[in-house]
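Letter by letter, the chains look like this.
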Amino acid sequence: GAVVSQHPSWVICKSGTSVKIECRSLDFQATTMFWYRQFPKQSLMLMATSNEGSKATYEQGVEKDKFLINHASLTLSTLTVTSAHPEDSSFYICSARALSLRRGSTDTQYFGPGTRLTVL
Amino acid sequence: GEDVEQSLFLSVREGDSSVINCTYTDSSSTYLYWYKQEPGAGLQLLTYIFSNMDMKQDQRLTVLLNKKDKHLSLRIADTQTGDSAIYFCAEYVTGGYNKLIFGAGTRLAVHP
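Keep in mind that what you see is a predicted model, and the values were worked out from it rather than measured. (Residues numbered from 1 in each chain as written. Chains lettered and ligands numbered in written order. Predicted model: local features only at pLDDT ≥ 70, side-chain atom pairs only at ≥ 80, totals over all residues. Heavy atoms only, no water.)

Asks: So what exactly am I meant to see when it comes to the nonpolar core here?
Replies: The tendency in soluble globular proteins is for nonpolar side chains to be buried side by side. With 25 residues, the main nonpolar core has A:W35, A:F67, A:L79, A:Y92 and A:L117 as its most contacted residues. When residues of this core are traced back to their parent elements, those giving at least two are β2 (10–13), β3 (19–25), β4 (32–38), β5 (44–51), β7 (67–73), β8 (76–81), β9 (90–97) and β11 (115–119) of chain A. Aside from chain neighbours lying at most four places away, what touches A:Y92 is A:Q6, A:I21, A:Y36, A:R37, A:M47, A:F67, A:L79, A:G114, A:T115 and A:L117. If you look at the next biggest cluster of nonpolar residues, it comprises 22 residues, including B:I49, B:L65, B:I76 and B:V110. (Core = buried A, V, L, I, M, F, W, Y, C linked by side-chain atoms within 4.5 Å. Buried < 20%, exposed > 50% of the residue type's maximum accessible area, 1.4 Å probe, protein only. Helix = DSSP H or I, 4+ residues; strand = E, 2+ residues; numbered from the N terminus. Contact = heavy atoms within 4.5 Å.)

What follows is the structure in structure tokens.
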């Protein structure tokens, strides 16, 4: 099946620093990638939808200047948490949508393994 | 509005069947998904069902969809300890940027 990787898998940083998380589709091209945030024992919250070569679309309540998303190629999207604070500590998960040309099939999202961010 | 609800916890004995329920609100959902998340890991797609189907079976997994009541269920036959995980129901909503709306997840605990 399609594989999506994230790097790093975990990161600890000091308050005020910026952290970049990479999301790669390893064996398919993804015109659209999604960034989610998951708090402990809670569901995934969609933060933004990233389309290759264009600006990301952010969900309501997500600060686009704090969570910078770049989708420079069909296999790579990055999320940068700028000036991170302890409340930004969370599990960040990306997914990549693989388009299927088969009629009636679903555009399945494949998820990365997640990145655990801890801000001290 | 878009909302997906699930019960938060289910405990079953090994070998029994597990049934995880989900309700959703968006009647325009085209696909409904079940994902599995093991501790500290990302989401694994288990199965999905198209909105014009009532049932889909895939080995030990059976998905039932009642579109009138906007109710989705996942049945796992012969539940094993390796099935212990959090199971997320998600609806695929269209319009603008298509996206998945997730439920809060059901934690399945399998005991001997």
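Still more to cover.
Asks: Can you walk me through the sheet that holds strand β7 (residues 61–66) of chain B in this structure?
Replies: The strands that make up a sheet are held in pairs by hydrogen bonds between backbone atoms, and each pair lies either parallel or antiparallel. Residues and elements named next belong to chain B. Pairing is antiparallel in the open sheet, where 5 strands are placed in the order β1-β3-β8-β7-β6. Strands at the two margins of the open sheet, each flanked by one partner only, are β1 (4–6) and β6 (55–58). The mean angle between the axes of side-by-side strands here comes to 15 degrees, regardless of whether they run parallel or antiparallel. Note that β1 and strand β3 (residues 18–24) share 3 bridges and pair antiparallel. Bridge assignment links E5 to a residue of β3, and that residue is T23. (Pairing = 2+ DSSP bridges. Axes fitted to C-alpha atoms, helices over the stretch in contact; angles between N-to-C directions.)

Asks: Whenever I open this one, the packing of aromatic side chains confuses me. Can you help?
Replies: Geometrically, a pair of aromatic rings is defined through the distance of the ring centres and the angle of the planes. The tally for this structure, following the rule as stated, stands at 15 aromatic pairs over all chains. A ring pair is formed by B:Y33 and B:Y92, whose centres lie 6.5 Å apart and whose planes are at 75 degrees; its orientation type is edge-to-face. Placement of B:Y33 in strand β4 (residues 31–37) and of B:Y92 in strand β9 (residues 85–93) is noted, with a sequence separation of 59 residues between them. For the pair B:Y33 and B:Y92, a shared accessibility class is recorded, and that class is buried. An aromatic cluster is present here, built from A:Y36, A:F111, B:Y31, B:Y33, B:Y35, B:Y48, B:F50, B:F88, B:Y92 and B:F102 joined pairwise through their rings. (Phe/Tyr/Trp six-rings, centres within 6.5 Å; stacked < 30°, edge-to-face > 60°.)

Asks: Hey, could you run me through the pattern of salt bridges in this one?
Replies: Two side chains of opposite charge can pair, provided their charged atoms sit close to one another. As enumerated under the stated definition, the model contains 6 salt bridges over all chains in all. With a closest N to O distance of 2.8 Å, A:E59 and B:K99 form a salt bridge. One end of the pair, A:E59, is in the loop between β6 (57–58) and β7; the other, B:K99, is in strand β10 (residues 99–102), on a second chain. Here B:K99 falls in the buried class, since its relative accessible area comes to 15%. For A:K66, the salt bridge is made with A:D88, and the minimal N-O distance between the two is 2.9 Å. Taken together, the residues span a long stretch of sequence, with A:K66 in the loop between β6 and β7 and A:D88 in the loop between β8 and β9 at a distance of 22 residues. For the residue pair A:K66 and A:D88, the accessibility class agrees, reading buried in each case. (Salt bridge = Lys/Arg side-chain N within 4 Å of Asp/Glu carboxyl O.)

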